[in-house]
Amino acid sequence: MDFNNKKNYLFNLGAVIIFFVILKLLMNGNVINRYYQGIIVFICINIIVAGSLNLTLGFLGQLALGHAGFMAVGAYSSALLSIYLRSLELPVIMHLGTALLFGGLISGIIGYLIGLPALRLRGDYLAIITLGFGEIIRVVINNLKFTGGAQGLSGIPKIANFTNAYWIAVVVLAFLYALIRSRHGRAIISIREDEIAAEAVGIDTVKYKALGFTISAFFAGIGGGLFAHYMAYLDPSIFNFMKSVEIVVIVVLGGMGSLTGTILASAVLTSLPELLRNFSEYRLLIYSFVLVVMMIFRPQGIFGTAEFSLKNLMSSPKGFMKKMKRDASGDDLNGGGK
Amino acid sequence: MIFIQQMINGLQIGSIYAVIALGYTMVYGIIKLINFAHGEVMMMGAYFAFLAASAGMPVWAVFLISMVGSALLGMAIERVAYKPLREAPRISALITAIGMSLFLQNLALVIFKADPKVMPRIIPTTPINIGSIQISNITIITFTVSVVFMILLTFFISKTKPGKAMRAVSEDKEAATLMGINANSTITLTFAIGSALAALGGILYALAYTQVAPTLGVLPGLKAFVAAVLGGIGIIPGAMIGGFILGFVETFAKAYISGRWADAIVFGILILVLSVKPTGILGKNVREKV
Amino acid sequence: MALLEVNGLTIKFGGLTAVDGFNINIEQNELVGLIGPNGAGKTTVFNMLTGVYLPTEGTINLDGKSVVGKKPYDIVEMGAARTFQNIRLFKELTVEDNVKIAYHNQMNYNLMQGLFRLPAFWKEESVAKENAMDLLDIFDMKMYANTLAKNLPYGKQRKLEIARALATKPKILMLDEPAAGMNPYETKELMETIHFIRDKFGIAILLIEHDMSLVMGICEKITVIDYGKIIARGVPEEIKSDPNVIKAYLGE
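From a predicted model like this one, the values you see are computed outputs, not experimental measurements.

Asker: A description of the sheet that holds strand β1 (residues 4-13) of chain C should follow, citing residues and the corresponding values.
Answerer: All names here are of chain C. Pairing is antiparallel in the open sheet, where four strands are placed in the order β2-β1-β4-β5. With partners counted over all chains shown, the strands left at the sheet margins are β2 (16-26) and β5 (65-66), one partner each. Pairing of strand β4 (residues 57-62) with β5, which is carried by two bridges, proceeds in the antiparallel orientation. Bridge pairing in β5 places Asn61 opposite Ser66.

Laid out in structure tokens, this is it:
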């Protein structure tokens, strides 16, 4: 693994900047109109939220079905702080940054509090608990006064735009990468692979489960906060069970344990319903149909656990394809045998 | 008096949850899949009943058509969507189930449109007065029919050959296959029975609320699922107990606390029970072999 | 004081006493065998020594400190590592990562240093990589560094599991039927490796086997249990001719 290759980082940063400039130019030239710009912002938000869920689902290997709940916590807490901050007339970056960090923090704290007892449960039971938690959060927000209740919360400063959404998504992804390729990330992944073996080599599984879950909630909160500042209006019914499902679907379709898969799936699944808008009535029917067919024919998702790497692609296209194929199919081309 | 009235209401909704929870638990027991489409099978069952009733069929035919139709639907779902994924990661199967649930919901939306249909009164409602308590005959019918089917199911599973095969396959599929049990047809049968029960729940639900809509299955489906987990998923008496508990909790929460908090209370109790007893009320703790 | 001192170790599952009054002393750098017929309670002993099960009664002292009631990962830090009868590798990860995960507790950089890629991260990661490679080299597995663990041949998987356990820098290594499922040639090679590890790393090894002949060749001391109780103890020669052992293995 070439993770300690600092050149690689610069290379990726360069690619990210170039991609940004291209998008920006296309927007200025109105090739990408305001409508599509909005879709791109939603893609960025979904990348953040689904990327964070991938930490729980793909790397920690725990099934969570209440991610929209964390998004809601982040969205509401950052929005409430943001409304309060408005009178200070801070520069946009500081205003948005403070609000998002606050949203992430509150969401992370709640994630930790829920994670400690919930993560004692395994598999489907954890799924149910997180599902239940997501529903409770929604009911609570619905019934509180200061969240605006069922009428929703309006008057949130609309300060999120394509530029800051793009870079926040880049930073979140960079952190997630840095995490999974560090000793802490390896500890998290070892729990997915075999919890008993992880304990047998000295991993404090309780601690690392809680850590993974908390970080996951933290970034989901940031994603939620960004959503709040782009919509400028929040309604508790947005963060329902369906929303949690949508996020899970992005992660699974992209490949659990593949962040680049999450990026691709976010882009496809966010724009697909928009592209199908002309078939409005059949839109969700087609969406669900594609989902089922996809799962039947490629249950490990588009990328499996493989990561797409620009540098590897450039330096050795053939070897790269081989490695991608191996990781995506879960087989090993040079190892042979099962 | 209000208390007894609420008890009766809880019994009615609880028996509906229990009947639906049975299907969840049976399917989970046999292929370890949370069949998210179960609530939608229930909804479809309600629509089948609506169609049959609108065509002026007698009560017994309405029940029969709805339950048989749903059983066929359940079998088809299993064959088309779940069977290919039996060896795939659990989460893929789960996503497929969620996809199936969305698909059926939107299919119903396209076919029947979003506006709720009024369920014909196939059984005329007549209130029965016992002292100062008023009970609808629908309540009594719901409770009776549910209990009869639960007894039939219990008998089927413990005494008949296919029922025993079902238990064997859920205990250990490979071993059951080696004993000459056809696991595939047993699984199909499980789906058929579970779906028929879901349809029964759907009809009773439609009778109670006199409406049928594409989203009808979502909430009862979710709650029946909670009921199944509460009782200990995969355990048949657990689903019944869980269903009734959930019915009572919900009705009492609505009556004595607040309707708006009822759902949060339901899930709160689930979380509470699972943190104390992680495998549900009747669940057994299994130790992982090291 | 012995490295590992176990006294009166007992565990009951419901009404069943799976292990009854087990005791053993293991000195530094000793190679000890624990044998017994299938179902005698050998793995249960291991599970108590490594914190997977909590004993009903008895004491376990590792290097003078009690491990009873400690979590498995704490016991690893105290110096006891183990392998499993039914190999438990991190299957979807590479051989290198399998070993690196076991170096976790020997690295000290914190979460922030890792996330921001501060110098401590780079330094410790490169040390870990070097160590992992050296360790794999000892087992002749360096060329498999990038292979997924699940794709290794069976014998190599066993070896990797041992390498991974060694990466935690144990004072005592506990191997649970390492030769299970191996052919005679692989078994012989494995036994040589075990001997070699003991000498090379200077650690104590406790080896579980149900096949008596395997341990006879390499263990200095052998303890035999049957139905959860110790029935014999001694050097291989004594064990071989012990009437209780013969009875346990061959039946009445």
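Okay, back to it.
Asker: Got a sec to walk through the pattern of salt bridges? Specific residues and values, please.
Answerer: When the charged atoms of two side chains with opposite charge come close together, those side chains can pair. All names here are of chain B. Under the criterion given, the structure shown has 25 salt bridges over all chains. Salt-bridge contacts for Arg79 lead to Glu78; the nearest nitrogen and oxygen are separated by 4.0 Å. Residue Arg79 is classed as partly exposed on the basis of its relative accessible area, which comes to 42%. Taking relative accessible area as the criterion, Glu78 reaches 1% and is therefore assigned buried. Here Arg86 ties to Glu78 by a salt bridge, and the two come within 2.4 Å at their closest N and O atoms. Assessed through its relative accessible area of 21%, Arg86 is described here as partly exposed. If you follow the salt bridges from partner to partner, you end up with Lys223, Glu250, Lys254 and Asp263 in one network.

Asker: Describe the side chain of Arg198 of chain C, and please don't skip the residues or the numbers.
Answerer: Residue and element names in this part refer to chain C. Summarising the element assignment, Arg198 is placed in helix α7 (residues 184-201). For Arg198, the side chain forms a polar contact with the main-chain oxygen of Asn29, separated by 3.0 Å. Within the structure, the side chain of Arg198 is placed 3.1 Å from the side chain of Asp199, a separation counted as a polar contact. When near neighbours in sequence (up to four residues on either side) are disregarded, Arg198 contacts Asn29, Glu30, Leu31, Ile203, Ile205 and Glu220.

Asker: Describe the side chain of Glu177 of chain C, naming the residues involved and giving the relevant values.
Answerer: Residues and elements named next belong to chain C. Secondary-structure assignment places Glu177 in the loop between β7 (172-176) and α7. Assessed through its relative accessible area of 4%, Glu177 is described here as buried. Residues within four places of Glu177 in sequence aside, it is in contact with Asn38, Lys42, Gln85, Arg158, Ile208, Glu209 and His210.

Asker: Requested: an account of the interface of chain C and chain A, with residues and values cited.
Answerer: Contacts between the two partners involve 37 residues from chain C, matched on the other side by 43 residues from chain A. Carbon and sulfur atoms supply 60% of the area that chain C and chain A bury against each other, a total of about 3,600 Å² over both sides. Interface area lost by chain C to chain A is led by Tyr73, His104 and Trp122 of chain C, which between them contribute 19%. Summed over the shared surface of chain C and chain A, the number is two salt bridges. A salt bridge links Asp194 of chain A to Arg88 of chain C; the nearest nitrogen and oxygen atoms lie 2.8 Å apart.

Asker: Would you mind going over the packing of helix α3 (residues 59-82) of chain B against helix α8 (residues 183-209) of chain B in detail, with residue names and values included?
Answerer: Residues and elements named next belong to chain B. At a minimum axis distance of 7 Å, the contact between α3 and α8 shows a crossing angle of 135°. As far as their axial angle goes, α8 and α3 are oblique. The handedness of the crossing between α3 and α8 comes out as right-handed. Mapping the contact onto sequence places Val62, Phe63, Ser66, Met67, Ser70, Ala71, Gly74, Met75, Glu78, Arg79 and Tyr82 in α3 and Asn184, Ile187, Thr188, Phe191, Ala192, Ser195, Ala196, Ala199, Leu200 and Ile203 in α8. Split by residue class, the contact of α3 with α8 holds 13 nonpolar, six polar and two charged.

Asker: Give me a negative patch on the surface: which residues, what numbers.
Answerer: There is a patch of like negative charges on the surface, built from Glu87, Glu171, Asp172 and Glu174 of chain B. Note that Glu87 of chain B resides in the loop between α3 and α4 (90-112).

Asker: Kindly report on the nonpolar core, identifying the contributing residues and their values.
Answerer: One broad trend across soluble globular proteins is that nonpolar side chains are buried collectively. With 255 residues, the main nonpolar core has Leu234 and Phe239 of chain A, Phe36 and Tyr82 of chain B together with Leu160, Leu173 and Ile194 of chain C as its most contacted residues. Of all the elements, α8 of chain B adds the most residues to this core, at 15 residues. The residues touching Ile194 of chain C, leaving out its near neighbours within four places in the chain, are Leu31, Leu175, Pro178, Ile205, Leu207 and Ile218 of chain C. Core analysis: the second largest hydrophobic core is formed by 30 residues, Val32, Ile172, Ala204 and Ile208 of chain C among them.

Asker: Lay out the sheet that holds strand β9 (residues 221-226) of chain C with the relevant residues and their values.
Answerer: In a beta sheet, neighbouring strands pair by backbone hydrogen bonds and run either parallel or antiparallel. Residues and elements named next belong to chain C. Within the open sheet, the six strands sit side by side as β6-β7-β8-β3-β9-β10. Their pairing is mixed. On the outer flanks of this sheet lie β6 (80-82) and β10 (229-234), each paired with one strand and no other. Adjacent strand axes in the sheet meet at a mean angle of 20°, parallel and antiparallel pairs treated alike. Here β7 runs beside strand β8 (residues 204-209); their pairing, made up of five bridges, is parallel. For Asp176, the partnering residue across the bridge sits in β8 and is Ile208. Set on the sheet, helix α1 (residues 42-49) makes contact with β3 (31-35), β6, β7, β8 and β9; between it and β8 the angle comes to about 145°.

Asker: Please provide a residue-by-residue account of the interface of chain B and chain A, values included.
Answerer: Counting from both sides, the interface comprises 43 residues of chain B and, opposite them, 38 residues of chain A. With both sides pooled, the region where chain B packs onto chain A buries about 3,600 Å², and carbon together with sulfur makes up 80% of that total. Considering only the side of chain B, the residues that lose the most area to chain A are Ile91, Ile95 and Leu102 of chain B, jointly responsible for 15% of the buried surface there. Applying the counting rule to chain B against chain A returns zero salt bridges. Run the count over chain B and chain A and you get four residue pairs in polar contact (both at pLDDT 80 or more). Secondary structure elements with two or more residues in the side of chain B that touches chain A: α3, α4, α9 (218-231) and α11 (262-276) of chain B. Element by element, the count of residues in the side of chain B that touches chain A is highest for α4 of chain B, at 14 residues. The residue makeup of the side of chain B that touches chain A, split by class, is 30 nonpolar, seven polar and six charged.

About the cut-offs
Residues numbered from 1 in each chain as written. Chains lettered and ligands numbered in written order. Predicted model: local features only at pLDDT ≥ 70, side-chain atom pairs only at ≥ 80, totals over all residues. Heavy atoms only, no water. Pairing = 2+ DSSP bridges. Helix = DSSP H or I, 4+ residues; strand = E, 2+ residues; numbered from the N terminus. Salt bridge = Lys/Arg side-chain N within 4 Å of Asp/Glu carboxyl O. Buried < 20%, exposed > 50% of the residue type's maximum accessible area, 1.4 Å probe, protein only. Polar contact = N/O pair within 3.5 Å; in protein donor to acceptor, adjacent residues only side chain to side chain. Contact = heavy atoms within 4.5 Å. Buried area = accessible area lost by both parts, 1.4 Å probe. Axes fitted to C-alpha atoms, helices over the stretch in contact; angles between N-to-C directions. Parallel < 35°, antiparallel > 145°, perpendicular 65-115°, else oblique. Left-handed = near helix turned anticlockwise from the far one by under 90°. Nonpolar A, V, L, I, M, F, W, Y, C, P; charged D, E, K, R; others polar. Patch = residues over 30% accessible without salt bridge, like charges linked within 9 Å, V, L, I, M, F, W, Y side chains within 5 Å. Areas by Shrake-Rupley, 256 points an atom, 1.4 Å probe, with all protein chains shown as cover. Lys, Arg positive; Asp, Glu negative; His and termini not counted. Charge placed at Lys NZ, Arg CZ, Asp CG, Glu CD. Core = buried A, V, L, I, M, F, W, Y, C linked by side-chain atoms within 4.5 Å.

Nothing here speaks to function; it is all geometry.
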